[in-house]
Amino acid sequence: MHTIDLDVLPGTAAGQRSVNGAPGIQDNVLRTVEAGREVRYAVWVNGAMQPVLGRRVLPHGRWQTVDLATVPSMAAEFGLPNATDAHNTWSIAVDGAGYLHLSGNHHNSPLRYARSANPYNITAWTRPAMVGTDETSVTYPQFVALPDGRLLVFYRSGQAGAGNVFCNRYDPGTQVWTRIGDPLIDAVASGESPYLHYVSAGSDGSIHIAVIWRASTAETNNDVCHARTLDGGSTWQLMDGTALTLPLTHAGWPPALNTPPTNSGLLNGGGLAVDQAGRPHVGNEMWLSPSDRRTQYAHLYWTGSAWANEVLTDWQYPMPFPSTANAVNAELSRPVLVCHAERTYLLYRHNRERPGALMLRDVTPGGDMAEASVLNWPLYGCEFSANVATVLDRGRLEVLVCPAQQEDLPTPELPVNKWSASDTSWANQSAAVLSLNLDDLHDIVHGKVPAPGLRLVASTAMEGGAFFTPALGSSPVGLASFQLLIPGEYAGRKLFARHSGRWNLATGSATSYTIELHQAGAARGSYSNGSGLSTPVMMWGPVAALDTTTMPDGSYLSLSAKVAGGSGSPTLRLTTGSIQVFALAGSDGRLL
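This write-up is about the structure you can find in this document. (Residues numbered from 1 in each chain as written. Predicted model: local features only at pLDDT ≥ 70, side-chain atom pairs only at ≥ 80, totals over all residues. Heavy atoms only, no water.)

### Examining the sheet that holds strand 21 (residues 280–289)
The four strands are arranged 20-21-22-23 in an open sheet whose pairing can be described as antiparallel. Two strands close off the open sheet at either side, each with one partner strand: strand 20 (271–274) and strand 23 (307–311). Geometrically, the sheet is characterised by an average inter-axis angle of 30° between neighbouring strands, direction not taken into account. In this sheet, strand 23 lies alongside strand 22 (residues 292–302) in antiparallel orientation, the contact comprising five bridges. Looking at strand 23, one finds that H299 is bridged to E310. (Pairing = 2+ DSSP bridges. Helix = DSSP H or I, 4+ residues; strand = E, 2+ residues; numbered from the N terminus. Axes fitted to C-alpha atoms, helices over the stretch in contact; angles between N-to-C directions.)

Given below as structure tokens:
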């Protein structure tokens, strides 16, 4: 039986922002072969906003983890709380000698880079220099492994609008980084910022990059340029073999897709994959035209003689862009592409069209556009990247998934962004590695392989009404009559819970109220409201992970409420409330 594997990472994961899932992460999960055994590595930010590195021998080994803040020589920089900013992601790579390379938590920040002290070891690290110049304002570090064991790293130096893209190459024999181009892509000369897509590789050893250009705000995103290198980054060319001059500039780099200078709807960051014939495939989000502002997925690909751009979707409504590009990302993830067996597949999340599901679609030109869910777990604002080395070397599509909130958004609010990043539920998320065998992708999109995901295992609901009378400035007041027991048989399983209910301030005055979902007295989720308090409002939150490590006799969930500001004796009213508990089940139906 074909299955979709889901490997849950230990402990909590941060969902306060999409720091554990973004299209430009390269990469936060990888596979190696060590002494004949396959080993998985992952790096993620936990609920306390601290970076964690994990290693697990497949298929049955336990996760070994290291909190990077506790590693000698790392605490000063790697022990900083990770910024609550979707730019501040983490990436890990392995060179041909087995040494691990790690970098993360950047948004116009000094370079944070470390190399393992020993091959295939996560417990001891060194802090070598990289190149030493243009490393004081770093964003988006992306590692790429070359077939001969060398590494490339791409990153932006400088702020958006004036940030050049640099590329360094690492030799595992000498353990020295050297600069390629100075810079590789010149934003200053171009007068625009280049934004890299995921950097991809071909089975022929080629490395491919794609960028969009931005003059100022997201409304000025324009043109998609592509280049490849056949010699590890020393020289770059167009797909027709035309040599490009370094540094690359917008004026000196003919675009693969020419768009208007404004109002193309292009979003920075996207997918890039290379098929077995060496032809690149670029995934973008864009408008149909400046006057038709419905964001769609588009597939830009090299036919062998020219570039073609195929719009893949026909969604009939605009998304809340250009008020902020992040509003689109909160509803629709940026595309991930993977090529296998002369077919091209799109991995995506769409909270309106496919709520609670991660979708895989066959987007091969001339194909049937078949699609199916590969994961039934609400991921909210999470985005993804797929490790190209794992695709090429191990024959698997692997992505790290973690439910997350996108950036704070202006009106109109999207459901995933209704509650702030400080709400407790976002710090109580779980992350997992989703792994698919490439040979199964055709069967998966045609619905022949069940998807793992959440399964409802317990719930309770209230009809009518109930009143909470918390005193101002005191501890939360609970409602003893509205509780849910979790049986002990679920001890050790991955469980999640959420609450929904219609709340309003019935009497008295207050400036805000907060509803908390408790597990045995500990808050697992909190949701606050600070406007229109007397008007009933439906409050709900993302599913939050529960603690099942110490519940041999079961556990219980309950609600509590507290108020702030105001005077007198305020009373909160709850109507039509519910508490739901979900277990995480594998593709084979067994609980994880």
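So, next bit.
### Section: the state of the cysteines
Throughout the structure, instances matching the rule amount to zero disulfides. A disulfide-free cysteine, C225 has its sulfur positioned 17 Å from the sulfur of C167, the nearest such atom. On the accessibility criterion, C225 (0% relative accessible area) is buried. (Disulfide = S-S within 2.5 Å. Buried < 20%, exposed > 50% of the residue type's maximum accessible area, 1.4 Å probe, protein only.)

### Points about the pairing of strand 24 (residues 336–340)
Here strand 24 lies mainly inside the structure; four of its five residues are buried. Relative to strand 25 (residues 343–349), strand 24 runs antiparallel, the two sharing five bridges. Bridging across to strand 25, H340 finds its partner in R343. With antiparallel pairing between neighbouring strands as the criterion, strand 24 and strand 25 make up a hairpin whose turn holds two residues, including A341 at a positive phi of roughly 50°.

### Points about the packing of aromatic side chains
Scanning all chains against the criterion turns up 14 aromatic pairs. When the ring of W44 is compared with that of W63, the centres are 6.2 Å apart and the planes differ by 75°; the resulting orientation is edge-to-face. Separated by 19 residues along the polypeptide, W44 in strand 3 (residues 37–45) and W63 in the loop between strand 4 (51–57) and strand 5 (64–67) bring together distant segments of the chain. Ring plane angle 75° and centroid distance 6.5 Å describe the contact between F154 and W236, whose orientation is recorded as edge-to-face. Separated by 82 residues along the polypeptide, F154 in strand 11 (residues 151–157) and W236 in strand 18 (residues 236–237) bring together distant segments of the chain. There is no split in this pair, since F154 and W236 are both buried. By way of ring pairs, the aromatic residues Y113, Y170 and W177 are connected into one cluster. Geometry around Y317 places R352 over its ring, the cationic atom sitting 3.9 Å from the centre. (Phe/Tyr/Trp six-rings, centres within 6.5 Å; stacked < 30°, edge-to-face > 60°. Lys NZ or Arg CZ within 6 Å of the ring centre and 35° of its normal.)

### Examining the sheet that holds strand 11
In a beta sheet, neighbouring strands pair by backbone hydrogen bonds and run either parallel or antiparallel. Spatial strand order, 10-11-12-13: four strands in an open sheet with antiparallel pairing. Edge strands, defined here as strands with exactly one partner in the open sheet, are strand 10 (138–145) and strand 13 (176–185). On average, each strand axis in the sheet is inclined to that of its neighbour by 20°, with strand direction left out of account. When strand 12 (residues 164–171) meets strand 13, the two strands line up antiparallel, connected through six bridges. Bridging across to strand 13, R169 finds its partner in T178.

### Points about empty space enclosed by the protein
Enumeration over the complete set of coordinates arrives at one cavity of 30 Å³ or more. There is about 30 Å³ of room inside the largest cavity. Along the walls of the largest cavity sit V19, N20, I25, N28, V43, W44, V45 and W90, which together make up its complete lining. A total of three residues in the lining of the largest cavity trace back to one element, the largest contributor, which is strand 3. Residues belonging to the lining of the largest cavity are distributed by class as follows: six nonpolar, two polar and no charged. (1 Å grid on protein atoms, 1.4 Å probe; cavity = no way out; pocket = protein on both sides within 12 Å on 5 of 7 lines; lining within 4 Å. Points joined across faces, edges and corners; volume = space filled by probe spheres on them. Nonpolar A, V, L, I, M, F, W, Y, C, P; charged D, E, K, R; others polar.)

### Observations concerning the nonpolar core
Within the largest apolar cluster, 37 residues are counted, with the highest numbers of intra-cluster contacts made by L358, L360, V374, W377, V401, L434 and L436. Sequence-distant contacts of W377, that is, excluding residues within four places in its chain, are made with G356, V401, P403, S430, A432, L454, F496, V543 and L584. Of all hydrophobic cores here, the second largest spans 31 residues; its members include M462, F468, V581 and A583. (Core = buried A, V, L, I, M, F, W, Y, C linked by side-chain atoms within 4.5 Å. Contact = heavy atoms within 4.5 Å.)

### A word on the pattern of salt bridges
What the rule picks out here adds up to 23 salt bridges. Residue D134 pairs with R179 through a salt bridge whose shortest N-O separation is 3.7 Å. Taken as a pair, D134 in the loop between strand 9 (125–126) and strand 10 and R179 in strand 13 lie far apart in primary sequence, 45 residues in all. For the salt bridge of E516 with K562, the shortest nitrogen-to-oxygen distance reads 3.5 Å. One end of the pair, E516, is in strand 34 (residues 512–519); the other, K562, is in strand 38 (residues 555–564), with 46 residues separating them in the sequence. Within the structure, one salt-bridge network assembled from shared partners comprises D5, D7, R31, E38, R40, R56, R394, R396 and E398. (Salt bridge = Lys/Arg side-chain N within 4 Å of Asp/Glu carboxyl O.)

Everything listed is a geometric property; what it means functionally is a separate question.
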